Amino acid sequence: MTGQTTAAPGAVSDNPMYRILLIEDDPGDALLVEELLHDTGLRFALTTRTTLAEARAELAGGPIDCIFLDLHLPDVSGIDAVTAVRGLAPHTAVIVLTGLSEDRAGTDAMAAGAQDYLVKGKVEPDLLQRTLRYAVYRSQTERASAEAQAVQLRAEENARLERGLLPQPILDTSTVRVTSRYLPGATMALLGGDFLDVVEGDDGLLHAVVGDVSGHGPDAAALGVCLRIAWRSLVLGGHCGDDLLHLMERILIAERGNQQLFATCTLLTLDQEAATATLHLAGHHEPLLTAPEGTWEVTAAHGIALGIVPGVHSWPSTVVPLPAAGALTLYTDGLTEGHNGTKEERLGVEGLLALIQKLPSADPAAHVDLLIKETHALNAGRHSDDLAVLRLDWGSRPARP
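Note that the structure is predicted; figures quoted are calculated from it, not measured.

### Things to note about the overall build of the protein
Here comes step 1: A tally of regular secondary structure across the protein gives nine helices and 17 strands.
Here comes step 2: Sorting the 401 residues of the protein into buried and exposed places 48% on the buried side.
Here comes step 3: Per element, the accessible surface of the protein, about 18,800 Å² overall, is 52% carbon and sulfur.

If you want it as structure tokens, here you go:
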């Protein structure tokens, strides 16, 4: 049975519409509740179901503001009924209907999670109106509090992950300017498996890494943190090149457990004195090189991603000559996989380079921020992958894009 009323004469016109589900198998009691609701002057849409099974289907079909629950149903009774309904609709107000002889049933139901209870045969319209309004208000407040707590916990977890994925660079004597940015792919999402780091070794060389663990969420993020810390420790321990990648792959395999996660990354060693950068690409794309005459993608040999085929150890090196003043930009594919302003085509590296050429010269940090802003604008709010960008600038003046 379903019924709907409008506000009674004299009622406030902006009264909210209450969506009410009555779970009651006695037709007489169900009719009494509907008549009392009419007498409250509230606007409501009432749906009646006689069993928990029928109510389950109703709750799955759309939002409900309040549930009136009889404690004696054909398929469940007592506190079990309250527990079952709360499990189906944890953020919906529940008002229990009890009999005259059930002295403790109402208080026990509230202890089990119901917002309030009413005794059949002793309910007046004013009492029903107050009880309904308060129960819905209380449930909405509880929901808002739970959502706020979830937001806070997510923010705290993001902060912990960010400290692991985005550490402070270790720079002693290097004059290279480091700019790094990280954005999750979806609003309110946890940071994903992208990671980056920069360390100056005892030999004065600057070492950098940008990587991307497959997948999203806390598992990918945790593995990204693990690989980033492993990379920093191994670099400070003197490891480099394919030996470093081999050890990182061993750590990835040990830490991923039963999940078939893998990781791509770019290792870079910058030698300012020799004016060269040595690259190792493990399933990752090439970085961008910026010089006074423009920006282009570096040509470099490719190796296999970590964890795809353990034991292959195919990570050739590429030595890239560097200009006296310039920048190298390492990034994950979240920067290029978004759309280019159309629904069908992706931005890609060519689109990224074309966009860079249009951007004004700017401070490196401002340039990276503007580049990310423009790629997001072209993507028009569509979901994209996590995004990590690491830019290294050197020379006597800021490099021009």
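### What to know about helix H2 (residues 52-61)
Here comes step 1: All of the buried residues along H2 are Leu 52, Ala 55 and Leu 59. One face of H2 carries all of its buried residues, which in axial projection span an arc of 55°. Facing away from the buried side of H2 by more than 90 degrees, the exposed set consists of Ala 57, Ala 60 and Gly 61.

### A closer look at helix H8 (residues 348-358)
Here comes step 1: Within H8, the full set of buried residues consists of Val 349, Gly 351, Leu 352, Leu 353, Leu 355 and Ile 356.
Here comes step 2: Each element contacted by the buried residues of H8 is listed here: strand E12 (288-291), strand E13 (294-297), strand E16 (326-331) and helix H9 (364-379).

### So, the pattern of salt bridges
Here comes step 1: Per the counting criterion, the structure on display carries twelve salt bridges.
Here comes step 2: Between Glu 24 and Lys 120 there is a salt bridge, with the nearest N and O atoms lying 3.0 Å from each other. Residue Glu 24 is located in the loop between strand E2 (17-23) and helix H1 (27-40), and its partner Lys 120 is located in the loop between strand E6 (116-119) and helix H5 (125-165); the two are separated by 96 residues in the primary sequence.
Here comes step 3: For the salt bridge of Asp 369 with Arg 181, the shortest nitrogen-to-oxygen distance reads 2.6 Å. Of this pair, Asp 369 sits in helix H9 while Arg 181 sits in strand E7 (residues 177-183), and the two are 188 residues apart along the sequence.
Here comes step 4: Looking at Arg 181, the relative accessible area reads 24%, which means it is partly exposed.
Here comes step 5: Through salt bridges with shared partners, one network takes in Glu 24, Asp 29, Asp 70 and Lys 120.

### Focus on the sheet that holds E13
Here comes step 1: Pairing within the open sheet is antiparallel, and its five strands lie in the order E7-E17-E16-E12-E13. Looking at the sheet topology across the chains shown, the edges are occupied by E7 and E13. Here the strands of the sheet are splayed against their neighbours by 15° on average, with no regard to which way each runs.
Here comes step 2: Note that E16 and strand E17 (residues 387-394) share six bridges and pair antiparallel. Opposite Tyr 331, over in E17, you have Val 389 as the bridge partner.
Here comes step 3: The strands touched by H8 within the sheet are E12, E13 and E16, with E13 carrying the most contacts at an inclination of about 170°.
Here comes step 4: On the sheet, H9 packs against E7 and E17 and is oriented at approximately 25° with respect to E7.

### Thoughts on the pairing of E6
Here comes step 1: With burial as the criterion, only one face of E6 is covered, namely that bearing Asp 116 and Leu 118; the residues Tyr 117 and Val 119 on the opposite face remain uncovered.
Here comes step 2: Here strand E5 (residues 93-98) runs beside E6; their pairing, made up of four bridges, is parallel. The residue of E6 that forms the bridge with Ile 95 is Asp 116.

### A few points about the side chain of Arg 391
Here comes step 1: Topologically, Arg 391 is positioned in strand E17.
Here comes step 2: Side chain to side chain, Arg 391 and His 367 meet in a polar contact 3.3 Å long.
Here comes step 3: At 2.7 Å, the side chain of Arg 391 and the side chain of Asp 393 are in polar contact.

### Focus: the confidence of the model for the protein
Here comes step 1: For the protein, per-residue confidence averages 86 on the pLDDT scale, and residues scoring 70 or more make up 88% of the total.
Here comes step 2: Residue range residues 397-401 is modelled with pLDDT below 50. Its contacts to residues more than four positions away, or to other chains, number 19 contacts.

### Comments concerning the environment of Leu 281
Here comes step 1: Along the polypeptide, Leu 281 turns up in strand E11 (residues 276-282).
Here comes step 2: Since its relative accessible area comes to 0%, Leu 281 is described here as buried.
Here comes step 3: In the structure, Leu 281 is positioned 13 residues away from Leu 268 in sequence and 8.8 Å away in space, judged by C-alpha atoms.
Here comes step 4: For Leu 281, the residues in contact, after removing those within four places along its chain, are Cys 265, Thr 266, Glu 286, Ala 300, Ala 301, His 302, Gly 303 and Trp 315.

### Some points on the packing of H2 against helix H3 (residues 79-88)
Here comes step 1: At a minimum axis distance of 10 Å, the contact between H2 and H3 shows a crossing angle of 20°. Relative to H3, the element H2 lies roughly parallel. Seen along the crossing, H2 lies across H3 with a hand that is right-handed. Every residue of H3 that contacts H2 at Leu 52, Arg 56 and Leu 59 is listed here: Ala 84, Val 85 and Leu 88.
Here comes step 2: Across the contact of H2 with H3, the residue classes break down as five nonpolar, no polar and one charged.

### Quick look at the UniProt feature "modified residue: 4-aspartylphosphate" (unreviewed entry) in the protein
Here comes step 1: Here, UniProt's "modified residue: 4-aspartylphosphate" (unreviewed entry) annotation points to Asp 70.
Here comes step 2: Mapped onto the fold, Asp 70 is located in strand E4 (residues 66-70).
Here comes step 3: Other than its neighbours up to four places away in sequence, Asp 70 contacts Ile 23, Glu 24, Asp 25, Leu 97 and Lys 120.

### Notes on the packing of helix H6 (residues 218-236) against helix H7 (residues 241-256)
Each pair of packed helices can be summarised by the angle the axes make with each other and by the distance between the axes.
Here comes step 1: In contact at an axis separation of 10 Å, H6 and H7 are set at 145° when each is read in the N-to-C sense. As H6 runs across H7, the sense of the crossing is right-handed. For the pair H6 and H7, contact is made by Leu 223, Cys 226, Leu 227, Ala 230, Trp 231, Leu 234 and Val 235 and by Leu 244, Leu 247, Met 248, Ile 251, Leu 252, Glu 255 and Arg 256, respectively.
Here comes step 2: Along the lines of polarity and charge, the residues of the contact of H6 with H7 split into twelve nonpolar, no polar and two charged.

Parameters at a glance
Residues numbered from 1 in each chain as written. Predicted model: local features only at pLDDT ≥ 70, side-chain atom pairs only at ≥ 80, totals over all residues. Heavy atoms only, no water. Helix = DSSP H or I, 4+ residues; strand = E, 2+ residues; numbered from the N terminus. Buried < 20%, exposed > 50% of the residue type's maximum accessible area, 1.4 Å probe, protein only. Areas by Shrake-Rupley, 256 points an atom, 1.4 Å probe, with all protein chains shown as cover. Arc of directions from axis to C-beta. Contact = heavy atoms within 4.5 Å. Salt bridge = Lys/Arg side-chain N within 4 Å of Asp/Glu carboxyl O. Pairing = 2+ DSSP bridges. Axes fitted to C-alpha atoms, helices over the stretch in contact; angles between N-to-C directions. Polar contact = N/O pair within 3.5 Å; in protein donor to acceptor, adjacent residues only side chain to side chain. pLDDT = per-residue confidence, 0-100. Parallel < 35°, antiparallel > 145°, perpendicular 65-115°, else oblique. Left-handed = near helix turned anticlockwise from the far one by under 90°. Nonpolar A, V, L, I, M, F, W, Y, C, P; charged D, E, K, R; others polar. UniProt positions renumbered as here; feature names shortened; annotations may be inferred.

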